[in-house]
Amino acid sequence: MEGAWYGLVRAWRAAPWSFALTLGLNLALSALPAAQILLLQWVTTALDSGENVAVALIALGVTVGVAQVAGDLGGFVTERITSEVYLQEQRTMLKAVCRLTPDRLATEETNAELQACRDSLDQVAGHSFAVVTGLRSILAAIGVCAAVMHIDAIAGILVVLAVVPLLMVASWAARVLDAGWASIGAENRHVGYGSEQSVSQRTGTELATLGSGERLVGMVTEHQRRRNKLKNSMMARLLRGNVLGAATTSLLLCGALAFLVRAGSGAGGVAVGVVAVLSGVQATAAAGDALARLVQTAPMITRYREFLASVPEATPQAIVHSVGILEVEDVTVVYEGAESAAVSGASLKVAHGQMIAFVGMNGAGKTTLVNAILGVVPTRTGGDAVDGVDLATL
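The rules we used
- Residues numbered from 1 in each chain as written.
- Predicted model: local features only at pLDDT ≥ 70, side-chain atom pairs only at ≥ 80, totals over all residues.
- Heavy atoms only, no water.
- pLDDT = per-residue confidence, 0-100.
- Helix = DSSP H or I, 4+ residues; strand = E, 2+ residues; numbered from the N terminus.
- Contact = heavy atoms within 4.5 Å.
- Core = buried A, V, L, I, M, F, W, Y, C linked by side-chain atoms within 4.5 Å.
- Buried < 20%, exposed > 50% of the residue type's maximum accessible area, 1.4 Å probe, protein only.
- Pairing = 2+ DSSP bridges.

(A) Structural context of the confidence of the model for the chain. Chain-level statistics for the chain give a pLDDT mean of 78 and a share of 88% at 70 or above. Confidence scores differ between elements of the chain, with helix α11 (residues 266-310) showing the lowest mean pLDDT of 70 and strand β2 (residues 343-351) the highest of 86.

(B) Here's a closer look at the side chain of Thr82. Relative to the elements of secondary structure, Thr82 occurs in helix α3 (residues 54-98). Look past the residues within four positions of Thr82 in its chain and what remains in contact with it is Ala125, Gly126 and Phe129.

(C) Highlighting the nonpolar core. By size, the foremost hydrophobic cluster in this structure holds 14 residues, and its most contacted members are Tyr6, Met93, Tyr304, Phe307 and Leu308. Of all elements in the fold, only α3, α5 (108-119), α6 (121-151) and α11 reach the threshold of two or more residues within this core. Residue contributions to this core peak at four residues, all from α11. Among all residues touching Phe307, those that are not within four sequence positions of it are Met93, Ala96, Val97, Leu100, Arg104, Glu113, Leu114 and Cys117. In terms of nonpolar packing, the next biggest core, distinct from the first, is built from 13 residues, Cys145, Ala147, Ala155 and Leu158 among them.

(D) Representation of the pairing of strand β1 (residues 325-333). As defined by bridge partners, β1 adjoins β2 across six bridges and the pair is classed as antiparallel. Bridge pairing in β2 links Ile325 to Ala351.

Printed below as a string of structure tokens:
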């Protein structure tokens, strides 16, 4: 519910008048299916009694035209607002990334989290309209059910019950997606990073020089296989659940059709009953799909919002206009899972205008020491200061 409200608020802030127009169009569209059923019943009743059907036919034609125009206009406005919301959400996410500390950005967990947030931007941007579409579909389904109940009460109840299996499947699917989303995001991060290194001018040249390109391709391919395996397994579970839900819904709708045919008076009444159930099928399916999309994207919205909430607000920091001396004392860095320190007890002092060099073989800890000074990696002991002031406060 909070995710739905979040999407609506973001869309309203992005384009309030366009969003209000979209709400109005969708409310109008939600009333049309039930109106068409009742108008069709009016036409058949008038034909059976020999009355003039011109007004009813004109009204029926108007509803069809309004549905077409409102649908096209709503699609245009929706696309426009979605693009604006996407731009705002992307800017919000990037600003949050800029406020992350270097040591947090350096972790694999944060990189996987950022990749997952990037992958979910489309869902975040379109979530408000998924909410609006879901509301329209639910209202349309309620209207159709009311129209069906006007013909036969039991048939109307069966049409309402037909939504329940879809809701149950949607709720279960949300849990499945929530469990697999983070793992897929982590594999996407590996695939994206490896692919970028292969085509980048600098790293691509180095890989070609060392003859390591094939090895990197193999690593990327392996992560791609893992991602596909996770995704295929998840989609197979969702497919089985959807088939079971659809089968149950179909049985309930067939029962509704049987009661409507029994209640119909003459060929016209039977025809109206058939159209009513078909409209009920469409409205129920649309409502189920809309609710399924909302439930399935809810974990993505939640994780996206949790990431934004986990980033602290920017705090004022002192600006160093000139540096007299940089001091590093007894810095030790031990990477997680490592048995020995990458850097142990390193100390140095560099005065303004002085130049020093870190020399050593690969893996000696040169880059790690620089990253420790910059705050990119956490230190187990020691620290650094500029003119006696802790570097972390600057």
